[in-house]
Amino acid sequence: MHPDISSLVDTRNGTLDPRIFVDEEIYKLELKNVFARSWLFLAHDSQLAKPGEYITTFMGEDPVIVARQKDGSVAAFMNQCRHRGMRLCRADLGKTKNFSCTYHGWTYDLGGRLVNVPSEDDAYRNGIDKAEWGAIKVTQLATYKGFIFGNWDPTAPPLTEYLGDFTWYFDAFVDRCEGGLEVIGGSHKWVFPANWKFAAEQFCSDMYHVPISHASAALALAPDDMEADAEIFPLDGTLGRQFTSPWGHGTGFFTESGDVLGLIVGREPGEWFQGGNPEVVDRLGTHRALNMRGMHATIFPNFSFLPGINTMRVWHPKGPNEMEVWAWTVVDSSAPPEVRERLRIGNLRTFSAGGMLEQDDGENWSEIQQVLRGHVARQTPLNAQMGLGLDWDDDPNFPGRVNRVYCETAARGFYGRWAQMLSGASWDELAVTPPLESVRQS
Amino acid sequence: MTSQLEVPLAMAEMLLQHEIEKFVNLEALLIDDRRFEEWLDLFSDDVHYWMPTRTVRYEREIHREHSRPDEAAHFDENKRGLEERVARIRSGMAWAEDPPSRTRHLFTNVMVEAGGEPDEYQVRNNFLLYRGRLQREVDIFVGVREDVVRRSPEAEHGWLIARRTVTLDQSVLLAKNLSIFF
Ligand code: FES
Ligand SMILES: [Fe+2]
């Protein structure tokens, strides 16, 4: 028996029921009503450059194969043989002509169609309809500026509608230059013994933790001639914005700051990202090109990134008490080699298993999870009230519903949408019922 | 029977092996006792300290298992990078290392070969690194280190590590971080 869903997340009073992070029943429901209905990031175009190249990933806990087809299109289907359910492909990535099951040999082409069944005539007396028994296709597949997303729900709105008012903010990351982004080869994959929502929410909504959680990294990373102080990293929340989308996406950034990117990943990427590159200013306009600094973001539910630092990652759920992080470094394809190299090094030093910032995030998330083993801890609501009732939606420079950068409106939006989806609300209902009460008009 | 000429050669080889094994053991001691500043002194100023990532590949593509030098890595450090990591741990605010990890480095299978330069040797050793932390966190890392060590009479211990490549025998890391040294 799981508790009444509508009481788990109280966006009106800004409280969270801690059972959303630990309860097995809620987790099962989350796989069904959140992960099997949301648009989930699968791969970036540059990871599947040539026909036959594939990667394997997960949608929720369901394994999928994403493969480049001979005609240049992309297909995504369950990484599971339809005969007895064996995993079709056990590699992380590679290049192939087809996927042949290692149990009895059923063979599927790059698009997941069943093309060969051993002893079809003798064993099946030709009585099997191969067209019926292809791998299960990801129901909806769409690409936005090189980012490939999949969705299991045939009734889900198109990806562009789902990205909604977050698109303007997403473009500040993905649409800076002709040619877009590309992924630097290799990935960081590791495990946090904590619920995936802690990480997704933090990238969605939490600039507040940075000065405390990451104090040591700021000290260690600062170049000799740089002081990691409030000029680099403002402590005044009016010097930044946080944004929440009714679809649960969120972001936060400084509108004015020192060279915060220079501090974290190095001066060359900082200069490249917000040094006023005319092409970027031309494509994005001044505010997005120059006044969104040190940005964090999550596309609901589990795809997060840090524009400028240029890490992007998926928080794969592995039960209520564990997540697996898959992180990549991306770079504008037109960036010069030294920017690319500094980003690669800068990311492994900051946002990876060995990264000096992410280590401290992991400490927070895993310790929360341990505390939540307790009975009393599970009855004690958590506070998500920062900036409650103080959002505005008429900012001259930043569209949509915003607040100061130190705020939890994006967390309330994230958990609010999560609870709505968990309850099984239809897409029609979701379209007309934003997770947060309307902005109070002053 | 060993010829009379070969005896001194074999002796020299044993002495070298002995010297290098002592150096390897000293390093384990310095890390496990958290004498990180002294540990840093074991590295040359031009050191490259690298731990590539590993992906799961089929046999026919196994040559692409390890990330390339221009791809993702767990560590890709010069001396300054190593110093920054030590400075972070010493800051008193490195929460993932405060309270600190309890590490124990077990080095074995030490193999020494002549290096590219006259004073350099290629030293390869397997390791098992146990890490306990807080009340009940445990991680075990197993892998191989391939070093280039340089005979350096002016260095305190007579040797400097000029290059290190660490290969971990895990793909998805089952630890929540790599906040320790290999
Ligand atoms: S399970 Fe795949 S062929 Fe039998
Ligand atoms: Fe963080």
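Throughout this description, residue numbers start from 1 for each chain and increase along the sequence as written. Whichever chain is written first is A, and whichever ligand is written first is 1; the rest continue in order. Side-chain atom pairs in this predicted model are given and counted only at pLDDT of 80 or more, local residue features only at pLDDT of at least 70, and totals for whole chains, interfaces and linings cover all residues. Excluding hydrogens and water, the side-chain figures rest on all heavy atoms present in the structure.

## Quick notes on the interface of chain B and chain A
Next, step 1: Every contact between the two is made by 40 residues of chain B and, on the other side, 44 residues of chain A.
Next, step 2: When two parts are put together, the accessible area they lose, computed with a 1.4 Å probe and summed over both, is reported as buried area. Buried surface at the junction of chain B and chain A, summed over both partners, amounts to about 3400 Å²; 50% is from carbon and sulfur atoms.
Next, step 3: It is Tyr58, Arg88 and Lys176 of chain B in chain B that bury the most area against chain A; as a group they hold 20% of the surface buried on that side.
Next, step 4: Salt bridges are counted wherever a side-chain nitrogen of Lys or Arg sits within 4 Å of a carboxyl oxygen of Asp or Glu. Across the pair arginine 133 of chain B and glutamate 363 of chain A runs a salt bridge, and its minimum N-O distance is 2.8 Å.
Next, step 5: Under this definition, polar contacts are N or O atom pairs within 3.5 Å; protein pairs additionally need one hydrogen-donor-capable and one acceptor-capable atom, and for neighbouring residues in sequence, both atoms have to be side-chain atoms. Connecting chain B to chain A are 28 residue pairs in polar contact (both at pLDDT 80 or more).
Next, step 6: If you list the elements that add at least two residues to the side of chain B that touches chain A, you get strand 2 (73-77) and helix 3 (79-90) of chain B.
Next, step 7: Considering every element that reaches the side of chain B that touches chain A, the biggest residue donor is helix 3 of chain B, with six residues.
Next, step 8: Under this grouping Gly is polar, as are all residues other than the nonpolar Ala, Val, Leu, Ile, Met, Phe, Trp, Tyr, Cys and Pro and the charged Asp, Glu, Lys and Arg. Residues that form the side of chain B that touches chain A fall into these classes: 17 nonpolar, nine polar and 14 charged. Residue contacts are counted whenever heavy atoms from the two residues lie within 4.5 Å of one another. Helix and strand assignments come from DSSP, with helices taken as H or I runs of at least 4 residues and strands as E runs of at least 2, each series counted from the N terminus.

## With respect to the packing of aromatic side chains
Given two aromatic rings, their pairing is described by the distance between the two centres and the angle made by the two planes.
All names here are of chain A.
Next, step 1: Under the pairing criterion, centres of Phe, Tyr and Trp rings, with the six-membered ring standing for Trp, must be within 6.5 Å; the plane angle then separates stacked pairs below 30 degrees from edge-to-face pairs above 60, leaving the rest tilted. Tallied over the entire structure, the rule returns 51 aromatic pairs over all chains.
Next, step 2: With 4.1 Å between their ring centres and 5 degrees between their planes, phenylalanine 41 and phenylalanine 303 make a pair best called stacked. On the criterion of sequence distance, the pair formed by phenylalanine 41 in strand 3 (residues 40-44) and phenylalanine 303 in strand 18 (residues 303-306) is long-range, its members being 262 residues apart. Neither residue differs from the other here; phenylalanine 41 and phenylalanine 303 are each classed as buried. Note on exposure labels: buried denotes an accessible area under 20% of the residue type's maximum, exposed denotes more than 50%, and partly exposed covers the range between, all computed with a 1.4 Å probe on protein chains only.

## Overview of the pairing of strand 18 of chain A
All names here are of chain A.
Next, step 1: Of the two faces of strand 18, both are covered, the one formed by Phe303 and Phe305 as well as the one formed by Ser304 and Leu306.
Next, step 2: A pair of strands is labelled paired if DSSP reports no fewer than 2 bridges between them. The pairing of strand 17 (residues 293-299) with strand 18 spans three bridges and is classified as antiparallel. Looking at strand 18, one finds that isoleucine 299 is bridged to phenylalanine 303.
Next, step 3: Count of turn residues in the strand 17/strand 18 antiparallel hairpin: three residues.
Next, step 4: With antiparallel pairing between neighbouring strands as the criterion, strand 18 and strand 19 (residues 311-317) make up a hairpin whose turn holds four residues, including glycine 308 at a positive phi of roughly 95 degrees.

## Structural notes on the domain arrangement of chain A
Residue and element names in this part refer to chain A.
Next, step 1: Boundaries between domains were set according to an automatic or database domain assignment. Parsing chain A into structural domains produces domain 1 (40-143) and domain 2 (164-430).
Next, step 2: Distance from the C-alpha centre of domain 1 to the C-alpha centre of domain 2: 33 Å.
Next, step 3: Between domain 1 and domain 2 lies a buried interface of about 1100 Å² when both sides are counted; carbon and sulfur atoms form 64% of it.
Next, step 4: At the boundary of domain 1 with domain 2, the tally comes to zero salt bridges.
Next, step 5: Our count for the domain 1 to domain 2 interface comes out at three residue pairs in polar contact (both at pLDDT 80 or more).
Next, step 6: Going through the elements one at a time, strand 3 and strand 4 (53-59) are the ones with two or more residues in the side of domain 1 that touches domain 2.
Next, step 7: In the side of domain 1 that touches domain 2, the residues fall into three nonpolar, six polar and two charged.

## Structural notes on the sheet that holds strand 2 (residues 15-16) of chain A
All names here are of chain A.
Next, step 1: Spatial strand order, 1-2-21: three strands in an open sheet with antiparallel pairing. In the strand order of this sheet, the two ends are held by strand 1 (9-10) and strand 21 (382-383), each with one partner.
Next, step 2: With two bridges connecting them, strand 1 and strand 2 associate as antiparallel partners. Across the sheet, aspartate 10 pairs through a bridge with threonine 15, a residue of strand 2.

## Digging into a nonpolar patch on the surface
Residues and elements named next belong to chain B.
Next, step 1: Patch building starts from residues that exceed 30% relative accessible area and form no salt bridge, then joins like charges within 9 Å and nonpolar side chains (Val, Leu, Ile, Met, Phe, Trp, Tyr) within 5 Å. Shrake-Rupley sampling with a 1.4 Å probe provides the accessible areas, and residues are treated as covered by the protein chains on show and by no other component. A cluster of nonpolar side chains, namely Leu106, Leu128, Tyr130, Val138, Ile140 and Val142, defines an oily patch on the protein surface of about 490 Å² accessible area.
Next, step 2: Only strand 4 (120-133) and strand 5 (137-151) provide two or more residues apiece to the nonpolar patch.
Next, step 3: Per element, the largest residue contribution to the nonpolar patch is three residues, and it comes from strand 5.
Next, step 4: Note that valine 138 resides in strand 5.
Next, step 5: Classification of valine 138 as partly exposed rests on a relative accessible area of 47%.

## Quick word on the confidence of the model for chain B
Next, step 1: Looking at any residue, its pLDDT shows the predictor's confidence there, from 0 to 100. The share of residues in chain B with pLDDT of 70 or more is 99%, and the mean pLDDT across the chain is 96.
Next, step 2: Complex prediction metrics read pTM 0.97 and ipTM 0.95.

## Remarks on the sheet that holds strand 1 (residues 43-52) of chain B
All names here are of chain B.
Next, step 1: Here six strands make up an open sheet; going across it, the order is 2-1-6-5-4-3 and the pairing mixed. Sheet topology places strand 2 and strand 3 (102-114) at the edges, where each strand pairs with a single neighbour. Pairs of neighbouring strands in the sheet enclose a mean axial angle of 20 degrees, with direction left out of account.
Next, step 2: Note: strand 1 against strand 6 (residues 159-168), four bridges, orientation parallel. Only the contacting stretch of a helix is used when fitting its axis, a line to C-alpha atoms as for every element, and angles between N-to-C directions run 0 to 180 degrees.

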